[in-house]
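# Topology and contacts: notes
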Amino acid sequence: MAIRTTSGFGLGPSPHENDSTYVLQTNDQTLESCRLSRSSSCMADLRAPFDKQGLDATYVDLQVLCTNGGLRCARRVGVDAAAVAVALADPAAPVVANARLTDDGERSGTLRASFDAADVGGGLYRALVKVDGKIAQTVPLAPAPCADVNAGDADPYQFDVPVPCPALVQGAAVLLDVRSLPPGPHGAEVSVEDAAGNETTVAGPLEFPKQNLGSGSAAERAAALTGRLRMWFVKARSGDRKRLSSRFGTRVVTRGRLTTRSGRGIVGARIDVYHIRRDGKRRLVKTGLKSRGGGALTLILPNNVDTRTIEFAYRALRPGPITSRQRLRLTVRTKSGRIYHRKSKSSR
């Protein structure tokens, strides 16, 4: 497409004034030709944009020619090309190397990926982060001229030099913050794109955030989103099994169940375990406690723990908020019957 305007091509009163020609041509065909004469249909200036979709050529040439014997025009003529848009052929997609997921986002809440890439043609333009098949973020891989020169329209692949972007990019990094997503699991994918729009996948598609239950049927995974957690001390009195007083050095066993709302056990889900000591600090001590058959859970505490609260937390999505929790209060006493708190700042 060319925005070109000719000037001075109106038919003159004298034959010797009509000695000019405007030509727009490629290496193998003439696209426009305007020669002034009484028999020509081109008897006025050309002002509308010229659009030739699908043109395949090695060059485009605009010329204004004087056609008299002295090669001098009797009057002033010209052509002004305000813009010429040319699509350069580039069939090769980028090649990706050293692609890796540097953070799966389970604890940080941010999915991170890094990669190296190379391209022959227009160069490496940008990285794309897609969520559920739609572009959620674009990450530029280089400054101008590797940038769309006409950002106001729908075509993002417009540059003012033939090879605008670098042929090699190393250590490119992209991220996806779970806080930017609507609630629920999503399909996430990272890809790299060259200046012609050719695309190569870097990572994915993968689920982010992940459902806590990573296996099972679709119905089982959906039911696990409503999981409810119950925990208790094995040796606690039947009246209040969430509290236990124990002698220092005695092994304490906790058990529990993770079930759906209908009471069916959820198998293979992960539970986070936090310890809260007298100073109120809450420390994550275990992330790999998994529910077994029937949703059963068992955690045996070290025999040297002091008085503390143990919190069990279930997250239907990881990363994600706690959707069900249970707290057990353990009181540890010395042989003399005194409540035992370790003086050290250690939170073992």
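Since we're looking at a predicted model, the values are computed, not measured.

## Remarks on the overall build of the chain
Along the backbone of the chain there are 1 helix and 22 strands. At 36 Å, the chain has a C-alpha radius of gyration far larger than the 20 Å of a compact globule built from 348 residues. Across its three principal axes, the chain shows a C-alpha extent of roughly 125 × 45 × 30 Å. Taking all 348 residues of the chain together, the buried fraction comes to 36%.

## Quick word on the side chain of Asp272
With respect to the helices and strands, the residue Asp272 is situated in strand E17 (residues 270–276). Polar contacts involving the side chain of Asp272 include one to the side chain of Arg315, which spans 2.9 Å. Look past the residues within four positions of Asp272 in its chain and what remains in contact with it is Leu284, Lys286, Thr287, Glu311, Phe312, Ala313, Arg315 and Arg318.

## As for a nonpolar patch on the surface
Together, Val84, Val86 and Leu88 line one region of the surface with nonpolar side chains, adding up to about 280 Å² of accessible area. Among the secondary structure elements, Val86 is positioned in the loop between strand E5 (78–84) and strand E6 (95–103). The class of Val86 is exposed, set by a relative accessible area of 55%.

## Some words on the sheet that holds strand E16 (residues 252–259)
Read across the open sheet, the 3 strands follow the order E14-E16-E19; overall the sheet is antiparallel. In this open sheet, the two strands that pair with only one neighbour each are strand E14 (228–233) and strand E19 (296–301). Taken pair by pair, the neighbouring strands of this sheet meet at an average axis angle of 20°, ignoring direction. Pairing analysis gives 6 bridges linking E16 to E19, with the strands arranged antiparallel. The residue bridging Arg257 from the neighbouring strand is Ala296, located in E19.

## A few points about the pattern of salt bridges
Summed over all chains, the structure comprises 15 salt bridges. What you see here is one network of salt bridges that share partners, running through Glu106, Arg270, Asp272, Arg315 and Arg318.

## Some remarks on the nonpolar core
The biggest cluster of nonpolar side chains holds 25 residues, and the ones touching the most others in it are Leu229, Phe233, Leu258, Ile271, Phe312, Tyr314 and Leu330. When contributions to this core are tallied by element, the ones reaching two or more residues are E14, E16, E17, E19, strand E20 (308–314) and strand E22 (324–333). Core analysis: the next-biggest nonpolar cluster, separate from the first, contains 20 residues, Ala113, Val131, Val174 and Val192 among them.

## Comments concerning the sheet that holds E22
Pairing is mixed across the open sheet formed by 5 strands, whose spatial order is E15-E22-E20-E17-E18. Of all the strands in the sheet, just strand E15 (243–247) and strand E18 (282–290) have a single pairing partner and so form its edges. The average undirected angle you get between the axes of adjacent strands in this sheet is 25°. Bridge count for E20 against E22 is 7 bridges, and the pairing is antiparallel. Looking at E22, one finds that Ala313 is bridged to Arg325.

## Concerning unusual backbone geometry
For the bond running from Phe208 to Pro209, omega is -10°, close enough to zero to count as cis. Within the element layout of this structure, Pro209 appears in the loop between strand E12 (199–208) and strand E13 (210–211). With an omega dihedral of -5°, the bond running from Arg318 to Pro319 counts as a cis peptide bond. Looking at the element boundaries, Pro319 is found in the loop between strand E21 (317–318) and E22. Non-glycine residue Asn98 carries a positive phi angle of around 55°. Mapped onto the elements, Asn98 comes out in strand E6.

## Here we look at the state of the cysteines
Evaluation of the coordinates by the stated rule reveals 1 disulfide. What pairs with Cys146 in a disulfide is Cys165, and their sulfur atoms sit 2.1 Å apart. Its S-S torsion of about 95° marks the bond between Cys146 and Cys165 as right-handed, since a negative value means left-handed. Here Cys146, found in the loop between strand E9 (134–140) and strand E10 (168–177), pairs with Cys165, found in the loop between E9 and E10; they are 19 residues apart in sequence, far enough to count as distant. A residue is classified by how much of its surface remains accessible, and Cys165, at 6% relative accessible area, is buried.

## As for the environment of Asp61
Following the sequence through the fold, Asp61 ends up in strand E4 (residues 60–66). With 38 residues separating them in the primary sequence, Asp61 and Val23 have C-alpha atoms 7.9 Å apart. Contacts of Asp61, omitting those with residues within four sequence positions, involve Val23, Leu24 and Gln25.

## What about the packing of aromatic side chains?
Evaluated as defined, the whole model comprises 3 aromatic pairs. Relative to Phe159, the ring of Tyr125 has its centre 5.2 Å away and its plane inclined at 85°; by these criteria the two rings are edge-to-face. Note that Tyr125 is positioned in strand E8 (residues 124–131) and Phe159 in the loop between E9 and E10, a separation of 34 residues in sequence. Three or more aromatic residues link up through ring pairs in this structure, and these residues are Tyr125, Tyr157 and Phe159.

## Structural notes on the pairing of E8
Within a regular beta strand, the side chains point alternately toward one face of the sheet and then the other, so they alternate between its two faces. With 8 of 8 residues buried, E8 is to be regarded as a mostly interior element. Bridging between E8 and strand E11 (residues 186–194) involves 7 bridges; their strand directions are antiparallel. The partner of Val131 across the bridge, within E11, is Ala188. The pairing of E8 with E9 spans 6 bridges and is antiparallel. Bridge pairing in E9 places Leu128 opposite Thr138. Between E8 and the antiparallel strand that follows it, E9, lie 2 residues; Asp132 among them carries a positive phi value of about 55°.

Cut-offs and rules
- Starting from 1, residues in each chain are numbered consecutively following that chain's sequence as written.
- Selection of residues for local features in this predicted model requires a pLDDT of at least 70, selection of side-chain atom pairs for listing and counting requires 80 or more, and totals for whole chains, interfaces and linings are taken over all residues.
- Note: side-chain values were computed over all heavy atoms of the structure, leaving out hydrogens and water.
- Elements are defined by DSSP. Helices are runs of H or I of four residues or more, strands are runs of E of two residues or more, and each kind is numbered from the N terminus.
- C-alpha atoms define the radius of gyration in this analysis, and the globule rule sets the expected value at 2.2 Å times the number of residues to the power 0.38.
- For each residue, the accessible area found with a 1.4 Å probe, counting protein chains only, is set against the maximum for its type, and the residue is called buried under 20%, exposed over 50%, and partly exposed in between.
- Definition of a polar contact: a pair of N or O atoms within 3.5 Å, with one able to donate and the other able to accept a hydrogen when the atoms are protein atoms, and with sequence-neighbouring residues admitted only if both atoms are side-chain atoms.
- Any two residues whose heavy atoms approach within 4.5 Å at even a single point are treated as in contact.
- Patch definition: residues above 30% relative accessible area lacking any salt bridge, with like charges linked at up to 9 Å and the nonpolar side chains Val, Leu, Ile, Met, Phe, Trp and Tyr linked at up to 5 Å.
- Only the protein chains shown count as covering a residue, and every accessible area follows the Shrake-Rupley method with a 1.4 Å probe.
- Take a side-chain nitrogen of Lys or Arg and a carboxyl oxygen of Asp or Glu: if they are within 4 Å of each other, that pair is a salt bridge.
- Strand pairing is assigned whenever DSSP identifies at least 2 bridges connecting the two strands.
- Comment: axis = line fitted to C-alpha atoms, over the contacting stretch for helices; angle = value between 0 and 180 degrees taken between N-to-C directions.
- What makes a nonpolar core is a set of buried Ala, Val, Leu, Ile, Met, Phe, Trp, Tyr and Cys residues whose side-chain atoms join them at distances within 4.5 Å.
- Count a disulfide wherever a pair of cysteine sulfur atoms falls within 2.5 Å.
- Stacked, edge-to-face and tilted are the three classes for Phe, Tyr and Trp ring pairs, Trp counted by its six-membered ring, which pair at centre distances within 6.5 Å; planes under 30 degrees apart are stacked, over 60 edge-to-face, the rest tilted.

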